[in-house]
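Chain by chain, the residues run as shown.
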Amino acid sequence: MKKGTDLMLQCDLHVHTNYSHDGESSVEACLKRAEERGLDAIAITDHDTTDGAVYALKCDSPVLVIPGIEISTADGHLIALGITEKIPADLGFAESVKRARAAGALCIIPHPYHKWRHGAALKVKSAIAMADAVESFNSRYITGAANRKAARKAAQSGKPCVAGSDAHNARYVGYGVTLVDAPPEIPAILEAIREGKCSIHGRMTPLRTYTRQSMRGAKRRITRRIHR
């Protein structure tokens, strides 16, 4: 915990490791960078798997690990925090939320208005209303317009806003931080977010890195289509 903030914890709620198909860094590297940046907690949210989160829970680190998963629903992405259960991909957004909640998860809609990154609110108009919180700061944007729209829509729906680095490389862990007014315990952190006892800050991932990672992702998608 940081001086002068009482129980305000610094949390990065959207981190990918090499357990994701597009992750570049090990769990250990991500935890080390989180510690170096003075974070209290990070959520491991690999694409469609909780294996990285489960492994991270076993690692020796002063950084609290919040297990999670970024689910590829049929309508866009959904982050479920606080669970180690895998939620199947390609279900409808509403069904994915239902299953995640049944498992005890906090449901966050990440990058909800990003056209090229599976923003669920672009397809499902009620997506923000269904979620527990909205990622209104994602560090992997070029202009930030979609972040601003997410913040506006969250305010209109009365939903808490959170931040995440969406780091796919350890060096960018901590670029998106949610300050949470809670003791350093997973259930307390998730409940505080539900209640809106949080605030956000962060900085953008460098454009050259974002572009490089986007090009790699496009290449992987093209390769998969060719080999189908």
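It should be noted that the structure appears before, not after, this text.
Residues numbered from 1 in each chain as written. Predicted model: local features only at pLDDT ≥ 70, side-chain atom pairs only at ≥ 80, totals over all residues. Heavy atoms only, no water.

A. Representation of the overall build of the protein chain in the model. Helices and strands together make up the secondary structure of the protein chain, namely seven helices and nine strands. Considering only intrachain contacts with a sequence separation of at least 6, the fraction spanning at least 24 residues in the protein chain is 64%. Total accessible area on the protein chain stands at roughly 10,500 Å², and carbon and sulfur atoms take up 52% of it. (Helix = DSSP H or I, 4+ residues; strand = E, 2+ residues; numbered from the N terminus. Contact = heavy atoms within 4.5 Å. Areas by Shrake-Rupley, 256 points an atom, 1.4 Å probe, with all protein chains shown as cover.)

B. Fine view of the nonpolar core. Residues A80, F93, I109 and A127 are the most contacted members of the largest nonpolar core, which totals 24 residues. Elements with a contribution of two residues or more to this core: strand 3 (64-73), strand 4 (76-81), helix 3 (93-102), strand 5 (106-109), helix 4 (127-130) and helix 5 (145-157). I109 has contacts with H77, F93, A120, A121, A127, I128, A131, A133, V134 and E135, leaving out every residue within four places of it along the chain. One finds A41, A133, V180 and L190 within the second-largest nonpolar core, a separate group that totals 19 residues. (Core = buried A, V, L, I, M, F, W, Y, C linked by side-chain atoms within 4.5 Å. Buried < 20%, exposed > 50% of the residue type's maximum accessible area, 1.4 Å probe, protein only.)

C. Representation of the environment of Q10 in the model. Counting through the fold element by element, Q10 comes out in strand 1 (residues 8-15). Taking the relative accessible area as the measure of exposure, Q10 reaches 19% and is therefore buried. For the pair Q10 and G38, spaced 28 residues apart in the sequence, the C-alpha separation amounts to 7.8 Å.

D. Representation of the side chain of N169 within the structure. Relative to the helices and strands, N169 resides in the loop between strand 7 (161-164) and strand 8 (176-181). The buried category is assigned to N169, whose relative accessible area is 11%. Of note is the side chain of N169, whose polar atom sits 3.0 Å from the side chain of E24. (Polar contact = N/O pair within 3.5 Å; in protein donor to acceptor, adjacent residues only side chain to side chain.)

E. Structural detail: the sheet that holds strand 1. Spatial ordering of the open sheet is given by 7-6-5-4-3-2-1-8-9, a layout of nine strands whose pairing is mixed. Whereas interior strands pair on both sides, the edge strands pair on one side only; in this sheet they are strand 7 and strand 9 (198-202). In this sheet, neighbouring strand axes are inclined to one another by 35 degrees on average, regardless of whether the strands run parallel or antiparallel. Pairing analysis gives five bridges linking strand 8 to strand 9, with the strands arranged antiparallel. (Pairing = 2+ DSSP bridges. Axes fitted to C-alpha atoms, helices over the stretch in contact; angles between N-to-C directions.)

F. How the structure looks around the pairing of strand 8. Pairing analysis gives four bridges linking strand 1 to strand 8, with the strands arranged antiparallel. Residue pairing for strand 8: C11 is matched across the bridge by T178.

G. Structural detail: the environment of A34. Inspection of the secondary structure assignment puts A34 in helix 1 (residues 27-36). Its relative accessible area of 0% is what places A34 among the buried residues. Other than its neighbours up to four places away in sequence, A34 contacts L39, I42, V63 and V173.

H. View of the environment of G174. Within the secondary structure, G174 is located in the loop between strand 7 and strand 8. A residue is classified by how much of its surface remains accessible, and G174, at 19% relative accessible area, is buried. C-alpha of G174 to C-alpha of A41: the two residues are 133 residues apart in sequence and 9.9 Å apart in space. For G174, the contacting residues outside a window of four places in its chain are D12, R37, L39 and S165.

Interpretation note: all reported values are geometric properties and have no functional meaning in isolation.
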